Amino acid sequence: MLQFVALGLAITLPGDVNESSDWNQWRGPNRNGQISGTLGWPSSLDDTRLKREWRISLGSSYSGPIVVGSRVFVTGTRNKSHEVVRALDRTSGKELWKVEWKGALRVPFFARANGSWIRSTPASDGKRLFVAGIRDVLVCLDVASGKQLWRVDFAKKYRSPLPGFGTVCSPLIDGKAVYIQAAGSVVKLDAATGKVAWRSGEETGGGLFGRGLETSAFSSPVIRTLAGKRQLIVQGRKALGGIDLATGKPLWSKAVPAFRGMNIQTPLVIGNSVFTSSYGGGTFLFDVSARDGDFKVNQRWKTTQQGYMSSPVAINGNVFLHLRNQRFTCIKANSGKSNWTTRPFGKYWSMAVNGRRILALDQRGDLLLIDATSEGFRRVSSRRVSDSSTWAHLAVSGTQVFIRELNAIAAYSWK
C-alpha cells in the first residue's frame, strides 16, 4: 500500500525557476550528460569554489537525484522492504513530501555486494514524477504533493518474470508519452493516465530483438534523429536498435555481443551513428542509413576495449569512456583509435559535461574536474566528497551539484 506524508505546502513550484537548468532525468535534460547554457565551471573543486550547502541522511540507493525547479527528487530503499521517494527543497534540503510503497528484490550474489536497493533514476515533466521501482513497477506522482496519479505493475500486467537484477532502466519522457524498458520489452505509456500505447520487442513474440530483451534491460533508451527519422534508440541484453515512436514498429537492429547480456550503457548517438561498448564484447560504432524507409546498419569499426556500467560522453569528435578495467580513455569517434588511456580509477564513473570540461564522480567518493582534450588526460582538480560509495549518477543544475551517497545526499554550490 502506498503511504504518503506531506511536510510542507508553502513552497516554490517548479515553474518559478528557469527550467532550462533542470536536471530532470537520467544523465540530464538530453540524457547525454551535457549541460545546457553557457555558465562556466570554476577551475577548482576546493571548498572555496565548490562549497557544501547541506547534507541529509537517506536510505540506500543506486538511483540518481533529479532537479526540477526548486525541488530535488530522490529515491531509496528502507529496511530492505520499502521504496521511498522524497521531494526536497534544493536550497535547504528540507523534506517537502515523502511517499513509500512496499517493494524489494534480492539481486544475484555477484551483484548483491553492491546492494539490492532501487536502481532506476526518476524522470519529471515538471508536473509529474515517474519512478520505476525495482520490481518492474512504474509509479506516477504529482510533483507538487506526491499524490499517486497512476501505477503500472508490468510483471502482473504481462505475467512476466521479475527482472533478475531488478528494474534498471530509467523512464524517458517525450511530450505526452513516457517510455521504459520493462517486462522483457519496450513499453510506451500515456504520461497522464498510464495507459499502454504499445509494447515492442517482448521476448515471447520476437519483435525487434527476438529474445534479446529477455528479463528486461540494463540500459536506458534515448530519442534521437537517425537517417532523417526521429526514433527511440534502445539497447537490450543482446542487441541495439531503433523503434518507431508512434507505432512501436522495429526500424532496425544490430547484435551487440556481451558476457551474460551485460549491455549496460546508454546508447550514444553521434550524427547518424551509434556508439556503444559492452562487457565481454568490445567497443563499436554503427552507421545507420535509410532509403525509402528501409533502414540499414553497418559496423564502421570495432575495438577490443570494453566498457561496463559507465555511459560515455562525446566532446569535439571524441568519446570519453570509463572502461571495465577501471581506466579512462579518449577514443576518436570517426576511427575508433584511442588517443590515450589512464591508470585505473574506481569501478564506475558518472559524468556531466560543460563545454570541454567533464565533472566525473567516481564510485569511491572522489569528484574529478577534467579538461577533455585528445592530447592527454588532464585532471584540473579533484576532491573527496564522500567516505561511502557513490554509485548514483551525479546531477548538475545551474550553480549546484548534487551528490547521492550510499545513505545520504549532499548539495554543493559553485562559487
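What this report covers is the structure whose coordinates are included nearby. (Residues numbered from 1 in each chain as written. Predicted model: local features only at pLDDT ≥ 70, side-chain atom pairs only at ≥ 80, totals over all residues. Heavy atoms only, no water.)

1. What about the overall build of the protein?
The condition is simple: Segments assigned H or I by DSSP are reported as helices when at least four residues long, segments assigned E as strands when at least two residues long, and all are numbered from the N terminus. Radius of gyration means the value over C-alpha atoms here, while the globule rule gives 2.2 Å times the residue count to the 0.38 power. The rule is simple: take the accessible area with a 1.4 Å probe, protein chains only, and divide by the maximum for that residue type; under 20% is buried, over 50% is exposed, in between is partly exposed. The protein chains shown are the only cover counted for residues, whose accessible areas, like all others here, come from Shrake-Rupley with a 1.4 Å probe. For this count, His and the chain ends are skipped, Lys and Arg are scored as positive, and Asp and Glu as negative. Charged groups are reduced to one reference atom each: NZ for lysine, CZ for arginine, CG for aspartic acid, CD for glutamic acid.
When helices and strands are tallied, the protein shows two helices and 33 strands. Against the 2.2 N^0.38 benchmark of 22 Å for 415 residues, the protein shows a C-alpha radius of gyration of 20 Å, consistent with a compact globule. If you line up the protein on its principal axes, its C-alpha atoms span 55 × 50 × 40 Å. Out of the 415 residues in the protein, the part that is buried amounts to 59%. Of the roughly 16,100 Å² that the protein leaves accessible, carbon and sulfur atoms contribute 47%. In the protein, which carries 57 positive and 29 negative side-chain charges, the distance between the mean positions of the two groups comes to 5 Å.

2. So, the packing of aromatic side chains
Spelled out, the test is: Only the six-membered ring of Trp is used, alongside the rings of Phe and Tyr, when aromatic pairs are assigned; centres must lie within 6.5 Å, and planes under 30 degrees apart are stacked while those over 60 apart are edge-to-face, with the rest tilted. Two limits define a charge over a ring: the Lys NZ or Arg CZ must be within 6 Å of the ring centre, and within 35 degrees of the ring normal.
Inspection of the entire model under this criterion finds 21 aromatic pairs. Between Tyr62 and Trp391, the ring centres sit 5.7 Å apart and the planes meet at 85°, which makes this aromatic pair edge-to-face. Taken together, the positions of Tyr62 in the loop between strand 2 (50-57) and strand 3 (66-68) and Trp391 in the loop between strand 30 (378-384) and strand 31 (395-397) put the pair 329 residues apart, joining distant regions of the chain. Comparing Tyr62 with Trp391, the two get one shared label, buried. Each ring, one from Phe345 and one from Trp349, has its centre 5.1 Å from the other, and the planes form 65°; the classification is edge-to-face. Judged on exposure class, the residue Phe345 and its partner Trp349 are both buried. A network of ring pairs unites the aromatic residues Phe320, Phe328, Trp340, Phe345, Trp349 and Phe377 as a single cluster. Positioned above the aromatic ring of Tyr158, the side-chain terminus of Lys157 is 5.7 Å from the ring centre. Above the ring of Tyr158, the side-chain terminus of Arg199 is found at 4.1 Å from the ring centroid.

3. Topic: the pairing of strand 29 (residues 366-371)
Inclusion rule: Think of it this way: DSSP has to see at least two bridges between two strands before they count as a pair.
Burial within strand 29 is extensive, with five of its six residues counted as buried. One ladder, built from five bridges, connects strand 28 (residues 357-362) with strand 29; its direction is antiparallel. For Ala360, the partnering residue across the bridge sits in strand 29 and is Leu368. Following strand 28, the chain reverses through three residues before pairing antiparallel with strand 29; Gly365 in that reversal takes a positive phi of roughly 100°. Here strand 29 pairs with strand 30 via six bridges, running antiparallel. Note that in strand 30 the partner of Asp366 across the bridge is Arg384. Following strand 29, the chain reverses through six residues before pairing antiparallel with strand 30.

4. Let's talk about the pairing of strand 20 (residues 273-278)
Within strand 20, six of the six residues are buried, which leaves it mostly tucked inside the rest of the structure. Of the two faces of strand 20, the one carrying Ser273, Phe275 and Ser277 and the one carrying Val274, Thr276 and Ser278 are both buried. Two strands pair when backbone bridges link them, and strand 19 (residues 268-270) and strand 20 are joined in this way by three bridges, in the antiparallel orientation. Of the residues in strand 20, the one forming a bridge with Leu268 is Phe275.

5. Focus: the environment of Ser386
What counts is decided by this rule: When checking whether two residues touch, look at their non-hydrogen atoms; a contact exists if any pair is within 4.5 Å.
Along the chain, the position of Ser386 falls in the loop between strand 30 and strand 31. Each C-alpha atom of the pair Ser386 and Arg404 lies 9.3 Å from the other, and the pair is 18 residues apart in sequence. Leave out the neighbours within four places in its chain, and Ser386 touches Arg364, Gly365 and Glu405.

6. Observations regarding the sheet that holds strand 15 (residues 222-226)
Filter applied, for reference: An axis is simply a line fitted to the C-alpha atoms; with a helix, the fit covers only the stretch in contact. Between two such axes, the angle follows the N-to-C directions and lies from 0 to 180 degrees.
Reading across the sheet, the four strands line up as 15-16-17-18 and stay open at both edges, with antiparallel pairing between neighbours. Every interior strand has two partners, whereas the edge strands, strand 15 and strand 18 (250-255), have only one. Shown here is a sheet whose adjacent strand axes are inclined to one another by a mean of 30°, direction ignored.

7. Quick notes on the pattern of salt bridges
The test is simple: Only one rule defines a salt bridge in this text: a Lys or Arg side-chain nitrogen within 4 Å of an Asp or Glu carboxyl oxygen.
All told, the structure shown has 14 salt bridges when counted by the stated rule. Close ionic contact of Glu100 with Arg78 constitutes a salt bridge, the shortest N to O distance being 2.6 Å. Remark: Arg78 occurs in strand 4 (residues 71-78) and Glu100 occurs in strand 6 (residues 95-102); sequence separation between them is 22 residues. Since its relative accessible area comes to 6%, Glu100 is described here as buried.

8. Quick notes on the sheet that holds strand 33 (residues 408-414)
Across the sheet, which stays open at both edges, the four strands sit in the order 2-33-32-31 with antiparallel pairing between neighbours. In this open sheet, the two strands that pair with only one neighbour each are strand 2 and strand 31. Averaged over all adjacent pairs, the angle separating strand axes in this sheet is 20°, with direction ignored. By the bridge criterion, seven bridges tie strand 2 to strand 33 in an arrangement that is antiparallel. Across the sheet, the residue bridging to Leu50 is Trp414, located in strand 33.

9. Things to note about the side chain of Asn318
The line we're drawing: Polar contacts, as counted here, are pairs of nitrogen or oxygen atoms within 3.5 Å of one another; within protein the pair requires one atom able to donate a hydrogen and one able to accept it, and residues that are adjacent in sequence qualify only if both atoms are side-chain atoms.
With respect to the element layout, Asn318 can be found in strand 24 (residues 318-322). There is a polar contact of 3.1 Å between the side chain of Asn318 and the side chain of Asn339. When sequence neighbours within four positions are dropped, the list of residues in contact with Asn318 reads Val313, Cys330, Ile331, Lys332, Ala333, Asn339 and Ser374.

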